[in-house]
There are 2 protein chains.
Amino acid sequence: MFKLVHKDKSTKARLGKLTTAHGEINTPVFMPVGTQGTIKALSNEEVKVCGAEIILGNAYHLYLRPGLDIIRKAGGLHKFMGWDRPILTDSGGYQVFSLAKLRKLSEEGAEFSSHIDGSKHFLSPEGAIGIQMTLGSDIMMTLDECVHYPAAKDYVGQSLALTTRWARRSKDHFLLATNDQRPTTKGQLLFGIVQGGAYLDLRKKSAEELIAIGFDGYAIGGVSVGEPEELIHEISSYAASLLPDDKPKYLMGLGTPPDILEAISNGIDMFDCVVPTRNGRNGQAFTWNGELQLRNASYKEDFRPIDETCSCYACKNHTRAYIRHLFNTEEILGLRLVSLHNVHFYVKLIELSRESITSGRFAEFRENFNNSYKKQKELQ
Amino acid sequence: MFKLVHKDKSTKARLGKLTTAHGEINTPVFMPVGTQGTIKALSNEEVKVCGAEIILGNAYHLYLRPGLDIIRKAGGLHKFMGWDRPILTDSGGYQVFSLAKLRKLSEEGAEFSSHIDGSKHFLSPEGAIGIQMTLGSDIMMTLDECVHYPAAKDYVGQSLALTTRWARRSKDHFLLATNDQRPTTKGQLLFGIVQGGAYLDLRKKSAEELIAIGFDGYAIGGVSVGEPEELIHEISSYAASLLPDDKPKYLMGLGTPPDILEAISNGIDMFDCVVPTRNGRNGQAFTWNGELQLRNASYKEDFRPIDETCSCYACKNHTRAYIRHLFNTEEILGLRLVSLHNVHFYVKLIELSRESITSGRFAEFRENFNNSYKKQKELQ
């Protein structure tokens with residue numbers, strides 16, 4: 001299912017191909033986030049034109065709305081939302097512990113109240129797999145407990161032990177499930193999630209135990225949950241080094257463009273992040289020369305595109321001055337254009353990273369990018 | 001500039017071609033409304049794919065934001081917003097009398113306070129032409145006073161007299177203006193606006209006086225300002241009958257799909273209306289079988305497209321159930337899809353009207369449409 005194609009010489013960057021039920025993905029890959037069955041503000045067509053090979057959906061949100069019954073009747077999430085390329089779904093673990101009101105955590109699972117209407121629900125590891133089977137995602141994630149930083153080692157250790165037991169139950173449930181329980185997508189993949197907070201020995205323990213259970217890929221979770229930036233990369237780099245080279249390595253929820261390049265250099269293959277769309281809706285654009293806040297009055301008469309080197313619809317057709325006007329007058333097209341540009345930028349950044357790994361120039365590519373990206377203040 | 005191509009035998013419907021500085025328009029025509037330099041929630045590309053031949057901009061809004069200085073520097077409204085087909089701009093009269101706080105109306109013009117920041121401005125007939133020259137719109141409208149229904153005849157008569165004097169001043173200013181004052185669009189057209197409220201004799205007086213001044217086209221204004229629906233069509237039909245056949249006739253701000261077909265049968269050539277986009281943002285879709293409110297729970301499991309006969313992106317790719325989910329979760333794509341569908345529907349409705357006029361079956365087309373449209377309650 002995963003084929004390691006090439007390893008960089010001067011860094012740990014790698015090229016791979018991951019085969020899923022809805023097609024092949026080239027790694028490293030960026031997955032735009034479609035929490036509720038839509039990449040916010042964008043159409044599927046736009047996301048495809050950006051070059052996205054896979055998107056992310058969220059089991060917690062889709063379970064609550066529209067609910068599994070409707071998605072089952074639609075024939076799975078792909079058909080419901082009209083997206084025919086691969087989808088990875090998050091298990092809902094992160095949302096239960098961050099968004100919903102957690103009522104009771106037990107060996108069995110998590111009882112929580114919906115953040116929408118307060119209704120009570122229970123999510124077990126088996127339930128999370130069941131939900132994702134109904135969604136028909138190509139890549140399912142195990143249910144985990146996500147601990148925020150900082151946390152005492154005792155607590156993180158106990159939490160990790162529970163997460164590992166849940167991972168084993170998830171795998172067991174996955175193996176027992178018949179194809180009848182996977183109505184829309186045969187050949188779903190299951191990824192485990194390495195936890196352990198900022199404690200490297202616990203990360204090691206987590207990785208080893210998950211590898212012993214055996215998954216189609218491994219995610220590094222519980223990063224960017226409040227810890228200092230250096231620590232994010234120390235943890236994720238270390239965790240990545242423990243994971244088998246013949247499986248995809250997915251760093252959950254990160255990050256800024258320089259973050260992503262650093263993680264690629266540490267051997268990470270897969271990324272998802274809300275930053276391009278969330279920040280896009282607020283007028284923040286990512287460019288090869290750094291970040292622009294397009295709401296700023298300084299762009300009132302700036303008739304250049306967001307990024308002169310960019311080939312996205314926004315840059316080919318519109319100016320900073322126009323987009324600034326759209327934000328200033330609260331017109332929806334403004335946040336559409338910047339979201340589109342940002343998703344295009346993130347996908348392109350990783351596409352060019354792949355090219356530079358192929359040609360053995362990734363370290364140079366990354367250095368040039370970082371120099372240019374950080375020079376923004378002087379240039380704008 | 002306007003060529004009457006064909007007249008229907010059984011109704012007053014007509015086919016025409018209006019030549020503007022940015023190309024030819026086939027009439028009858030529907031103009032999507034781009035108040036602030038964008039058709040709300042849609043991209044230019046989407047509006048073009050819908051088949052829109054011309055859009056509407058609003059001098060009042062664009063004068064306030066982004067302001068004329070920025071649009072002048074951008075090279076006119078077309079370049080500022082990246083739209084290369086014709087644009088008609090409203091003079092701002094309607095907005096000054098309905099949206100802004102009117103401070104003082106005099107022979108000279110209207111003093112008003114901005115609805116955005118309360119700042120004071122003065123708009124004269126010459127000023128309104130000057131603004132529209134800077135915008136570089138293909139079709140400019142004269143400044144008029146728009147009286148709401150009901151209003152006493154004395155008041156409407158006095159208002160009309162002022163509007164007519166303003167129309168004369170607008171024409172004079174237009175004739176005197178050099179090409180230097182029309183920096184971006186040579187060969188702009190100027191339309192007069194027939195007023196007179198619900199008093200047919202005043203409408204007649206208005207039409208005759210405007211014809212004596214002479215304009216490139218004539219609009220019927222001050223309809224759908226509170227009067228009963230029958231009266232709208234009585235007034236506009238009567239006014240249209242007074243206007244010369246060799247000039248385009250534009251009914252401002254109307255209306256529902258049956259309204260538009262009735263107006264076409266009364267000889268109207270041009271329409272603009274916020275209904276397809278405004279109602280679209282609220283989940284109301286127009287179809288050949290009537291109107292749907294897609295927020296309704298009844299569409300939760302309705303996996304049909306909005307309209308099975310429609311070829312727009314929303315109908316080709318998405319279901320009512322998915323769009324209902326998008327509205328339910330406040331996702332921007334929902335209002336995008338319904339706005340897109342509605343603009344496509346309006347443009348298509350008039351396109352098919354044109355075809356039926358060509359083939360001499362307009363009365364039949366309209367009857368069939370109305371029957372099918374009004375049957376909605378039984379079908380949905």
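About the criteria used
Residues numbered from 1 in each chain as written. Chains lettered and ligands numbered in written order. Predicted model: local features only at pLDDT ≥ 70, side-chain atom pairs only at ≥ 80, totals over all residues. Helix = DSSP H or I, 4+ residues; strand = E, 2+ residues; numbered from the N terminus. Rg over C-alpha atoms; globule rule 2.2 N^0.38 Å. Buried ≥ 20, exposed ≤ 12 C-beta atoms within 10 Å, placed from the backbone. Contact = placed C-beta atoms within 7 Å. Nonpolar A, V, L, I, M, F, W, Y, C, P; charged D, E, K, R; others polar. Pairing = 2+ DSSP bridges. Axes fitted to C-alpha atoms, helices over the stretch in contact; angles between N-to-C directions. Domains from an automatic or database assignment. Least-squares fit on C-alpha atoms with pLDDT ≥ 70 in both. Parallel < 35°, antiparallel > 145°, perpendicular 65-115°, else oblique. Left-handed = near helix turned anticlockwise from the far one by under 90°.

*Asks:* Before we go on, may I ask you to explain the overall build of chain A in this structure?
*Replies:* Regarding its fold elements, chain A presents 16 helices and 16 strands. Over its C-alpha trace chain A gives a radius of gyration of 21 Å, about what one expects of a compact globule, namely 21 Å for 380 residues. Structurally, chain A occupies a C-alpha span of about 60 × 45 × 40 Å along its principal axes. Buried residues in chain A amount to 54% of all 380 residues.

*Asks:* I'm lost on the interface of chain A and chain B in this one. Help?
*Replies:* How big an interface is tends to be stated in terms of accessible area lost as the parts join. On the chain B side, the residues contacting the 29 residues of chain A number 29 residues. Listing elements by their share of the side of chain A that touches chain B, those giving two or more residues are helix 3 (68–74), helix 4 (77–81), helix 13 (320–328) and helix 14 (332–358) of chain A. Among the elements that make up the side of chain A that touches chain B, the one with the highest residue count is helix 13 of chain A (5 residues). For the side of chain A that touches chain B, the residue count by class is 12 nonpolar, 11 polar and 6 charged.

*Asks:* Just checking my understanding: could you explain the sheet that holds strand 7 (residues 101–105) of chain A for this structure?
*Replies:* Hydrogen bonds between backbone groups are what pair the strands of a sheet, and the pairing can be parallel or antiparallel. Residue and element names in this part refer to chain A. The 3 strands lie next to each other as 7-8-9, forming an open sheet whose pairing is antiparallel. At either margin of the open sheet sits one strand with a lone partner, and together these are strand 7 and strand 9 (120–123). Here the average twist between neighbouring strands, direction ignored, is 25°.

*Asks:* Please explain the domain arrangement of chain A as it appears in this structure.
*Replies:* Residue and element names in this part refer to chain A. Partitioning chain A into domains gives domain 1 (2–273) and domain 2 (281–379). In this structure, domain 1 and domain 2 have C-alpha centres spaced 28 Å apart. Listed by partner, the interface residues are 27 residues for domain 1 and 25 residues for domain 2. Counting residues per element, the ones that place at least two in the side of domain 1 that touches domain 2 are strand 4 (29–32), helix 1 (44–49) and helix 10 (257–265).

*Asks:* Is there a simple way to explain the relation of the copies chain A and chain B in this structure?
*Replies:* One copy of the chain maps onto the other through a rotation about an axis followed by a shift along the same axis. At an RMSD of 0.0 Å, chain A and chain B line up after a rotation of 180° and a shift of 0.0 Å along the axis. Taken together, the rotation and translation describe the operation of a two-fold axis. Among all C-alpha atoms of chain A, that of A:Ile332 lies closest to the rotation axis, at 4.1 Å. Of the interface residues in chain A, 100% have counterparts in chain B that sit at the interface too, so the contact is made through matching surfaces.

*Asks:* Would you mind showing me how to read unusual backbone geometry here?
*Replies:* Residues apart from glycine generally show negative phi values, whereas peptide bonds are mostly found in trans. Cis geometry marks the peptide bond from A:Thr27 to A:Pro28; its omega dihedral reads 0°. By the secondary structure assignment, A:Pro28 is in the loop between strand 3 (23–27) and strand 4. Of note in this structure, A:Glu330 is not a glycine but carries a positive phi near 55°. Assignment of secondary structure puts A:Glu330 in the loop between helix 13 and helix 14. In this structure, B:Ala41 takes a positive phi of about 75° despite not being glycine. Within the element layout of this structure, B:Ala41 appears in the loop between strand 4 (29–32) and helix 1 (44–49).

*Asks:* How should I be thinking about the pairing of strand 1 (residues 2–7) of chain B in this particular structure?
*Replies:* Regular strands have side chains that alternate between both faces of the sheet. Residue and element names in this part refer to chain B. Taken together, the 5 bridges between strand 1 and strand 2 (residues 14–20) define a ladder with antiparallel strand orientation. Paired with Phe2 across the bridge in strand 2 is Leu18. Taking the residues between adjacent antiparallel strands as the criterion, strand 1 and strand 2 are bridged by 6 residues.

*Asks:* Sorry, what's going on with the sheet that holds strand 12 (residues 217–220) of chain B here?
*Replies:* Residues and elements named next belong to chain B. With parallel pairing, the 8 strands of this open sheet are ordered in space as 4-14-13-12-11-10-6-5. The outermost strands of the open sheet, each flanked by one partner alone, are strand 4 and strand 5 (55–58). Along the sheet, successive strands turn relative to each other by an average axial angle of 25°, direction set aside. Both strand 12 and strand 13 (residues 249–251) contribute to a ladder of 3 bridges, which runs parallel. Residue Tyr218 lies in a different strand from strand 13, and its bridge partner there is Lys249.

*Asks:* Would you mind going over the packing of helix 10 (residues 257–265) of chain B against helix 15 (residues 362–374) of chain B with me for this structure?
*Replies:* Helix packing for two helices is described by the angle between their axes and how far apart those axes are. All names here are of chain B. Running from amino to carboxyl end, helix 10 crosses helix 15 at an angle of 165°, the nearest separation of the two axes being 10 Å. In terms of orientation, helix 10 and helix 15 fall into the roughly antiparallel class. The crossing of helix 10 and helix 15 is left-handed. Of the residues in helix 15, those in contact with Pro257, Pro258, Leu261 and Ser265 of helix 10 are Arg366, Phe369, Asn370 and Tyr373. Looking at side-chain class alone, the contact of helix 10 with helix 15 contains 5 nonpolar, 2 polar and 1 charged residues.

*Asks:* How should I be thinking about the packing of helix 8 (residues 200–213) of chain B against helix 9 (residues 229–242) of chain B in this particular structure?
*Replies:* All names here are of chain B. The contact between helix 8 and helix 9 brings their axes to 10 Å, and the two run at 30°. Put simply, helix 8 runs roughly parallel to helix 9. When you trace helix 8 past helix 9, the crossing you get is right-handed. Contacts between helix 8 and helix 9 involve Leu200, Arg203, Lys204 and Ala207 from the first element and Ile235, Tyr238, Ala239 and Leu242 from the second.

*Asks:* Could you clarify how one ought to interpret the pairing of strand 16 (residues 290–293) of chain B in this entry?
*Replies:* Residue and element names in this part refer to chain B. With 4 bridges joining them, strand 15 (residues 284–287) and strand 16 adopt antiparallel strand pairing. In the strand pairing of strand 16, Gln284 is matched with Gln293. Counting the residues between successive antiparallel strands, the hairpin from strand 15 to strand 16 contains 2 residues.

*Asks:* Before we go on, may I ask you to explain the environment of B:Thr256 in this structure?
*Replies:* Tracing the backbone shows B:Thr256 in the loop between strand 13 and helix 10. In sequence terms B:Thr256 and B:Phe327 are 71 residues apart; their C-alpha atoms lie 23 Å from each other.

*Asks:* I tried to follow helix 13 of chain A on my own but got confused; where do I start?
*Replies:* An α-helix turns once per 3.6 residues; consequently, residues spaced three or four apart project the same way. Taking burial as the measure, the 9 residues of helix 13 of chain A include 8 buried ones, the bulk of the element. Turning to helix 13 of chain A, its buried residues are A:Arg320, A:Ala321, A:Tyr322, A:Ile323, A:Arg324, A:His325, A:Leu326 and A:Phe327. Each element contacted by the buried residues of helix 13 of chain A is listed here: helix 14 of chain A together with helix 3 (68–74) and helix 4 (77–81) of chain B. Backbone geometry just after helix 13 of chain A places A:Glu330 at a positive phi near 55°.

*Asks:* So what exactly am I meant to see when it comes to the environment of A:Leu294 here?
*Replies:* Residues and elements named next belong to chain A. When you line up the elements, Leu294 lands in the loop between strand 16 (290–293) and helix 12 (313–317). Under the C-beta neighbour-count criterion, Leu294 is labelled buried, with 26 such atoms within 10 Å. C-alpha of Leu294 to C-alpha of Gly221: the two residues are 73 residues apart in sequence and 32 Å apart in space. Excluding residues that lie within four positions of it along the chain, Leu294 makes contacts with Gly283, Ala285, Tyr299, Arg320, Ile323, Arg324, Phe327 and Val338.

*Asks:* Would you explain the environment of B:Glu367 in this entry?
*Replies:* Tracing the chain through its elements places B:Glu367 in helix 15. Residues B:Glu367 and B:Ser236 lie 131 residues apart in sequence; the distance between their C-alpha atoms is 20 Å.

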